[in-house]
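# Inside the fold
Here is what each chain is made of, one letter per residue.
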Amino acid sequence: LEGIRCDIGELALKVSQNLVLYYEKLKKGTFDVKEFESFCPMIGKEVTVLENGFCYTGKALGIDREGYLLLEKDGEIKRLFSAEVSVRYNVRAKD
């Protein structure tokens, strides 16, 4: 991200520590989807999805217990997995 300075080693350490923490929670059955969603800024927002060469928008509703992004598009709920799509958080420029 432009304009943000950080120690790449420290960032890598924190990411790996959190990955292990959430993996252990998942194994123990104590993984809390709502806690995980609280770290995701796109939940409740309009997003753009790039999937198999097609681009469409929808509202990111949340994440299910299996880790799929739940997206509302044209009144239907789609389950999106990261290997299938690229999701862009729609950020509007300030006037």
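The present account deals with the structure reproduced in this document. (Residues numbered from 1 in each chain as written. Predicted model: local features only at pLDDT ≥ 70, side-chain atom pairs only at ≥ 80, totals over all residues. Heavy atoms only, no water.)

## Brief notes about unusual backbone geometry
Note the cut-off: Helical segments are the DSSP runs of H or I of at least four residues, strand segments are the runs of E of at least two, and each set is numbered from the N terminus. Per-residue accessibility, obtained with a 1.4 Å probe over protein chains only, is compared with the maximum for each type, and a residue is labelled buried under 20%, exposed over 50%, and partly exposed between these values.
Positioned with a positive phi, Asn52 is a non-glycine residue whose angle comes to about 50°. Inspection of the secondary structure assignment puts Asn52 in the loop between strand E1 (46-51) and strand E2 (54-63). Given a relative accessible area of 68%, Asn52 falls into the exposed group. If you check the backbone angles, Asp74 has positive phi at about 55° while not being a glycine. When you line up the elements, Asp74 lands in the loop between strand E3 (69-73) and strand E4 (76-80).

## Some words on the packing of aromatic side chains
Convention followed: Centre distance within 6.5 Å is the pairing criterion for rings of Phe, Tyr and Trp, where only the six-membered ring of Trp is used; planes under 30 degrees apart are then read as stacked, over 60 as edge-to-face, and the remainder as tilted. Both a distance and an angle decide whether a charge sits over a ring: NZ of Lys or CZ of Arg must be within 6 Å of the ring centre and within 35 degrees of the ring normal.
Evaluated as defined, the whole model comprises one aromatic pair. When the centroid spacing of 5.4 Å and the interplanar angle of 50° are considered together, the rings of Tyr68 and Phe81 count as tilted. Residue Tyr68 is located in the loop between E2 and E3, and its partner Phe81 is located in the loop between E4 and strand E5 (85-89); the two are separated by 13 residues in the primary sequence. Lying across the ring of Tyr56, Lys73 places its NZ or CZ 5.3 Å from the centre. We note Arg79 situated over the ring of Tyr68; from NZ or CZ to the ring centre the distance is 3.9 Å.

## A word on the layout of surface pockets
Note the cut-off: In the cavity and pocket records, a cavity denotes points on a 1 Å grid over the protein atoms alone where a 1.4 Å probe fits but cannot get out, a pocket denotes an open set with protein on both sides within 12 Å along at least 5 of 7 lines, and lining residues are residues with an atom within 4 Å of a point. Grid points are joined across faces, edges and corners, and a volume is the space filled by probe spheres set on the points. Any residue outside Ala, Val, Leu, Ile, Met, Phe, Trp, Tyr, Cys, Pro, Asp, Glu, Lys and Arg is labelled polar, Gly included; the first ten of those are nonpolar and the last four are charged.
When its volume is computed, the largest pocket comes out at roughly 300 Å³. Around the largest pocket, the lining residues are Asn18, Leu19, Tyr22, Tyr23, Leu26, Phe31, Phe36, Phe39, Ile63, Arg65, Glu66 and Gly67. Considering every element that reaches the lining of the largest pocket, the biggest residue donor is helix H1 (residues 8-28), with five residues. The calculated volume of the second largest pocket comes to roughly 170 Å³. Looking at the second largest pocket, the residues that line it are Phe36, Phe39, Cys40, Pro41, Met42, Ile63, Gly67 and Leu69. Each residue belonging to the lining of the second largest pocket can be placed in one class, and the counts come to seven nonpolar, one polar and no charged.

## Topic: a nonpolar patch on the surface
Stated formally: Like-charged residues are merged into a patch within 9 Å and nonpolar side chains (Val, Leu, Ile, Met, Phe, Trp, Tyr) within 5 Å, provided each residue has over 30% relative accessible area and no salt bridge. All accessible areas in this document rest on Shrake-Rupley with a 1.4 Å probe, and a residue is counted as covered only by the protein chains that are shown. Think of a salt bridge as a Lys or Arg side-chain nitrogen and an Asp or Glu carboxyl oxygen that are within 4 Å of each other.
Among the surface-exposed residues, Ile8, Leu11 and Val15 lie close enough to one another that they form a single nonpolar patch of about 300 Å² accessible area. Within the secondary structure, Val15 is located in helix H1.

## Some points on the side chain of Asp64
Condition: What qualifies as a polar contact is a pair of N or O atoms within 3.5 Å, subject to a donor-acceptor requirement within protein and to the restriction that residues adjacent in sequence count only when both atoms come from side chains.
Along the polypeptide, Asp64 turns up in the loop between E2 and E3. From its side chain, Asp64 meets the backbone nitrogen of Glu66 in a polar contact 3.0 Å long. Polar contacts involving the side chain of Asp64 include one to the main-chain amide nitrogen of Tyr68, which spans 2.9 Å.

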